[in-house]
Amino acid sequence: MTHKSLLTADARTKKRNAAEARFKSYGLGAIVVAMLALALLLTSVVSTGSSAFKQTSATISIPLTEAKLDKSGTRDLAVMKKVTTIGYTSLLRDGIITAVEELGLETTLSAKDIGKMLSKEAAATVRNRVLANPEIVGTSVEFKLLTNGRIDGYFKGRVTMESAALDGNTSPEELQLAQQLADAGVFATTFNWAFLTAPDASDQRPEAAGLGVAILGSLYMMIVVLVLALPIGVAASIYLEEFAPKNRWTDVIEVNISNLAAVPSIVYGILGLAIFINFMEFNQSSPMVGGLVLTLMTLPTIIISTRAALKSVPPSIRDAALGVGASKMQSVFHHVLPLAAPGILTGTIIGLAQALGETAPLLLIGMVAFVREYPAAYSAGAGLFGEASTALPVQVFNWTQRADPGFVERASGAIITLLIFLLIMNAIAIFLRRKFERRW
Amino acid sequence: MLPMSVSLILALGLGVLGYVIAPRRAVAAAGGDARTLAALPRQYGLNTLLAVLVPSFAILIAGSLAGAGLYLGWAISIVAFIGFAGSLFKITPDYRARTHAESWIKLILIAASVIAILTTVGIVFSMVFEARNFFSQYDWKDFFLSAEWSPNFRGNSSLGILPLLWGTLYISFIALIFAVPIGLFAAIYLSEYASRRMRSIAKPAIEILAGIPTIVYGLFALVTVGPFLRDYFAAPMGFGDSASSVMTAGLVMGVMLIPFVSSLSDDIINAVPQTMRDGSLGLGATKSETIRQVVIPAALPGIVGAILLAASRAIGETMIVVLGAGAAARLSLNPFEAMTTVTVKIVSQLTGDTDFASPETLVAFALGMTLFVITLCLNVLALMIVRKYREQYE
């Protein structure tokens, strides 16, 4: 047997080193795959959703002819209300056709098709303005009106000439005219505040759908969760961590809490439906029920993180307090709890963020309903947070179930909004932890 | 008949009044010298406040749960008054007000921790109660053993759980096949190989995946992954032309589970004592040999526990399958076909117009109970394994 230098690796060593390198690359590969998945997820959502924050609208002057809107000439609201949005549609058509003619644009489109370029929502916008201020009837007023979803899609790149040719709801000629109107400054694409404030809109008008009701509903639910889950969670953790004797009973509670944290969220929805709605007769789709269900769901998260925070306060603090005559309760409330507060807050915010994104249980308690009225925080008939509402993630689900492709963009836009809220909450949690965390 | 709001205001008023009066009474009882009292004067106030509020709130909650609306107002006022008068009469210089006040507080703390138990009881009750209604109308053998699911709101529907269970298990299986190796390797790399810098970037990035709501994954499946799989895999290979499929839901769910598996395994791998690694390295093993032959076998029970927890997560997941898996109940092996799960059917049977007398609605509770029992078993098993494993190295 010949002895080789130790510095040149033999076949077996080479093999082992190769295996080592391979193994390491698997690990790196796994991380790369996870990162790619994250990047893909985020780019997919952002690329389909960012356009929801822009909206094409037309600025045109509409002749509010008295003969059509108020035949009696009395400006009596009760009479004027009899003119429905259908009555306004022809005025809008006249308005946009006048605008096209004034610019001297040539088109082969029929008057009806030109009128269709405005959203169905536009007539309602004009009607509401007229009813709010009947004096403007008889004059020509300049309005900023939504264009229809396909036109809006064209300016955002979602609809192209090729897809329009196949689409029954629009045509390439319409898009050409829209392009000319945009060049003339009649059509403009601007930031879409209405997306964040307007209520949901019906199936045929994705361009008018907004998140106002959903954001309000989510906000109400978060208030309920915060007000209930934080005190109950903290109280329960204090008992379990500081006072509970070690026996079978507390063991049951502990196992129970770790189990509750792993129960599928939809089961909480069934609980909410059976107990809160069918048995205790709370209002369906109300933020109150949603908040209660989410409270029960977040409690385990808050309890687990609060207990960790309490545990991290060193026993010397407790001993010192007891040593100068504080009772056990005083040592906890005056000393341990304030020191654990940053950890508790961080855990609570993370629990809230979880609750904000939760969808499945809310579907079961009826928050999928189509709601256009802004829910009031309190009303005599429905009580506190009792009015029907939706929530951000449920609104996303709702929009994915609709046929018009415009709603996919809206759903992704809603997700961007949701993710921004979550990002803010998590950033606050990280900030609190960085700023107040103490190492003992 | 006392209106509830009046009695609540009364209770609150008595409490506040007691909080103000009691300290003065105590000081007066001590002859004006607060130093001779057994507790600080404000502890007397606190004791009275709690003696009024805690029992009245207990009565309020117990009463509204039992539905005793008629006399509840009176009951609350009486209890509040007894608490008020009782605690004021007890005041003497020797009365240990702090101890008594603190036992009220302790009662509140105990009540808060009992809520966790009540939640479980509520879950079990709500499902057992309605599921019993269901089984009184529908034979349990047909539910658990039939392979046909076709609900029909005019009655006479077949409600067999088997196709739903099959879809659930198939999707979870694909999700785990995807998530377990990636999560495990990511955890191994992060805890054994990665530099501190790399770890500080990669770990939070993976955890971002855990913070993303499942509806986002659902939309991702619906808009991106589903059409992609259909256009580039299923359709060219002749497996079908459905965008929602077992594969779509499984892959996306797999992505969701990666951080779950990796953070749990990371904890478990870190719990393996360093001495075991040092021993193996000292004998000349390479790092990967150490991991494969020492660290992983030592951590195996914990890793199995983590996988079980992930499986329970996958089985109970709702939004991804609602948006990604489809609604057709079928027993098929083709992963590119749309199938449905237990959770999807719970959602579809309980949303929209529901009639709580018909088996088509009530079946959702039987499905929910099955789901709850399966996930509960997995969770308990996993927690037991993880706990036992932790004790082994503590």
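Throughout, residues of each chain are indexed from 1 in the direction in which the sequence is written. Chains and ligands are labelled sequentially in the order written, the chains with letters from A and the ligands with numbers from 1. Two thresholds apply to this predicted model, a pLDDT of at least 70 for residue-level local features and 80 or more for giving and counting side-chain atom pairs, whereas whole-chain, interface and lining totals are computed over all residues.

### Focus: the overall build of chain A
In DSSP terms, a helix is any run of H or I states spanning at least four residues, a strand is any run of E spanning at least two, and both are numbered starting from the N terminus. Looking only at helices and strands, chain A has 19 helices and 5 strands in total. A compact globule built from 440 residues would reach a C-alpha radius of gyration of about 22 Å, whereas chain A, at 30 Å, exceeds it by more than 25%. Two residues form a contact once the distance between their C-beta atoms, set from the backbone, is within 7 Å. Look at the contacts in chain A between residues 6 or more apart in sequence, and 77% of them connect residues 24 or more apart. Each radius of gyration is computed over the set of C-alpha atoms, and the globule rule expresses the reference value as 2.2 Å times the number of residues to the power 0.38.

### Looking at the overall build of chain B
Secondary structure summary: chain B contains 14 helices and 2 strands in total. The C-alpha atoms of chain B give a radius of gyration of 30 Å, which is well past the 21 Å a tight globule of 394 residues would have. With 394 residues in all, chain B has 47% of them scored as buried. Put simply, of all contacts in chain B between residues at least 6 apart along the chain, 75% involve residues at least 24 apart. Neighbour counting defines burial: a residue surrounded by 20 or more other C-beta atoms within 10 Å of its own C-beta is buried, one with 12 or fewer is exposed, and intermediate counts give partly exposed, using backbone-placed C-beta atoms.

### Quick look at the domain arrangement of chain A
In terms of domain boundaries, chain A breaks down into domain 1 (54–191) and domain 2 (212–436). For domain 1 of chain A versus domain 2 of chain A, the separation of C-alpha centres amounts to 45 Å. An automatic or database domain assignment provides the domain bounds reported here.

### Digging into the pairing of strand E1 (residues 54–63) of chain A
Residue and element names in this part refer to chain A. Pairing of E1 with strand E3 (residues 187–191), which is carried by 5 bridges, proceeds in the antiparallel orientation. Bridge pairing links Lys54 to Phe191 in E3. Strands qualify as paired when DSSP identifies two bridges or more between them. Looking at chain direction, E1 and strand E2 (residues 140–146) are connected through 7 bridges and run antiparallel. Across the sheet, the residue bridging to Ile62 is Val141, located in E2.

### Remarks on the nonpolar core
Remark: nonpolar core denotes a set of buried Ala, Val, Leu, Ile, Met, Phe, Trp, Tyr and Cys residues whose joining runs through C-beta atoms within 7 Å. Core analysis: the largest hydrophobic core is formed by 187 residues, its most contacted members being Ala186, Leu219 and Val252 of chain B. Each residue touching Val252 of chain B, except ones within four places of it in the same chain, is listed here: Tyr217, Phe220, Ala221, Val225, Ile320 and Gly324 of chain B. In this structure, Tyr88, Leu175, Ala178 and Phe187 of chain A belong to the second largest nonpolar core, which totals 32 residues.

### Looking at the domain arrangement of chain B
In terms of domains, chain B is made up of domain 1 (4–121) and domain 2 (149–392). Between domain 1 of chain B and domain 2 of chain B, the C-alpha centre-to-centre distance is 49 Å.

### Looking at the interface of chain B and chain A
Contacts between the two partners involve 66 residues from chain B and, on the opposite side, 67 residues from chain A. Considering every element that reaches the side of chain B that touches chain A, the biggest residue donor is helix H4 (residues 97–137) of chain B, with 19 residues. Classifying every residue of the side of chain B that touches chain A by side-chain character gives 43 nonpolar, 18 polar and 5 charged. Gly counts as polar in this scheme, as do all residues outside two lists: the nonpolar Ala, Val, Leu, Ile, Met, Phe, Trp, Tyr, Cys and Pro, and the charged Asp, Glu, Lys and Arg.

### Description of the sheet that holds E2 of chain A
The strands making up a sheet associate through backbone hydrogen bonding, with each pair oriented either parallel or antiparallel. Residue and element names in this part refer to chain A. Reading across the sheet, the 3 strands line up as E2-E1-E3 and stay open at both edges, with antiparallel pairing between neighbours. Looking along the sheet, the strands with just one partner apiece sit at the ends: E2 and E3. Across the sheet, the mean angle separating the axes of adjacent strands is 35 degrees when strand polarity is ignored. For helices, the axis comes from a line fit to the C-alpha atoms of the stretch in contact; other axes are also lines fit to C-alpha atoms, and the angle between any two N-to-C directions lies between 0 and 180 degrees.

### Examining the environment of Leu145 of chain A
Residues and elements named next belong to chain A. With respect to the helices, strands and loops of the structure, Leu145 is situated in strand E2. Taking the C-alpha atoms as reference, Leu145 lies 26 Å from Thr390; in sequence the two are 245 residues apart. Setting aside chain neighbours within four positions, we find Leu145 in contact with Ser57, Ala58, Ile60, Leu118, Ala122 and Thr125.

### Concerning the environment of Ala327 of chain B
All names here are of chain B. With respect to the secondary-structure elements, Ala327 resides in the loop between helix H12 (319–324) and helix H13 (342–350). For Ala327, a count of 15 C-beta atoms within 10 Å puts it in the partly exposed group. Spatially, the C-alpha atoms of Ala327 and Ile385 are 35 Å apart, while their sequence positions differ by 58 residues. Other than its neighbours up to four places away in sequence, Ala327 contacts Thr340, Val344 and Ser348.

### Quick look at the packing of helix H6 (residues 162–193) of chain B against helix H11 (residues 287–316) of chain B
All names here are of chain B. Running from N to C, H6 and H11 point in directions that differ by 140 degrees, and their axes come no closer than 10 Å. For the crossing formed where H6 meets H11, the hand is right-handed. In this structure, H6 uses Thr168, Ser172, Ala175, Leu176, Ala179, Val180, Leu184, Ile188 and Glu192 to contact H11, whose residues at the interface are Lys287, Ile291, Ile303, Ile307, Ala310, Ala311, Ala314 and Ile315. Of the residues that constitute the contact of H6 with H11, the class distribution is 13 nonpolar, 2 polar and 2 charged. In this scheme, a crossing is called left-handed if the near helix is turned counterclockwise away from the far one by less than a right angle; it is called right-handed if the turn is clockwise.

### What to know about helix H8 (residues 214–234) of chain B
All names here are of chain B. By definition here, a helix of n residues has an expected span of 1.5 Å times n minus one. With 21 residues, H8 ought to run about 30 Å at 1.5 Å a step, yet its terminal C-alpha atoms sit only 25 Å apart, falling short of that. The bend reported for a residue corresponds to the angle between axes fitted to the seven residues ending at that residue and the seven starting there. At Ala221, H8 shows its maximal bend, which comes to roughly 45 degrees. The buried fraction of H8 amounts to 15 of the 21 residues, a majority that puts the element mostly inside the structure.

### Concerning the packing of helix H16 (residues 328–357) of chain A against helix H19 (residues 406–436) of chain A
Residues and elements named next belong to chain A. With their axes 9 Å apart at the nearest point, H16 and H19 run at an angle of 170 degrees to one another. Between H16 and H19, the crossing angle belongs to the class labelled roughly antiparallel. Taking contact as the criterion, the partners of Pro342, Leu345, Thr346, Ile349, Ile350, Leu352, Ala353, Leu356 and Gly357 in H16 are, on H19, Leu418, Phe421, Leu422, Met425, Asn426, Ile428, Ala429, Leu432, Arg433 and Phe436. A per-class count over the contact of H16 with H19 returns 15 nonpolar, 3 polar and 1 charged. Note that the term roughly parallel is reserved for angles under 35 degrees, roughly antiparallel for angles over 145, roughly perpendicular for angles of 65 to 115, and oblique for everything else.

### Brief notes about the environment of Phe153 of chain B
Mapped onto the fold, Phe153 of chain B is located in the loop between strand E1 (149–150) and strand E2 (158–159). Taking C-alpha positions, Phe153 of chain B is 36 Å from Leu257 of chain B, a pair spaced 104 residues apart along the chain.

### As for the confidence of the model for chain B
The quantity known as pLDDT measures the predictor's confidence residue by residue, on a range of 0 to 100. When pLDDT is averaged along chain B, the result is 89; 98% of the residues meet or exceed 70. In the predicted assembly, ipTM is 0.90 and pTM is 0.90.

### Focus on unusual backbone geometry
All names here are of chain A. Although it is not a glycine, Ser285 adopts a positive phi angle of roughly 55 degrees. For Ser285, the location among the structural elements is in the loop between helix H13 (265–279) and helix H14 (287–311). The buried category is assigned to Ser285, around which 23 C-beta atoms lie within 10 Å. Notably, Phe385 is not glycine yet its phi reads approximately 50 degrees, a positive angle. Position of Phe385 relative to the elements: it lies in the loop between strand E5 (383–384) and helix H18 (392–400). For Phe385, a count of 25 C-beta atoms within 10 Å translates into the label buried.

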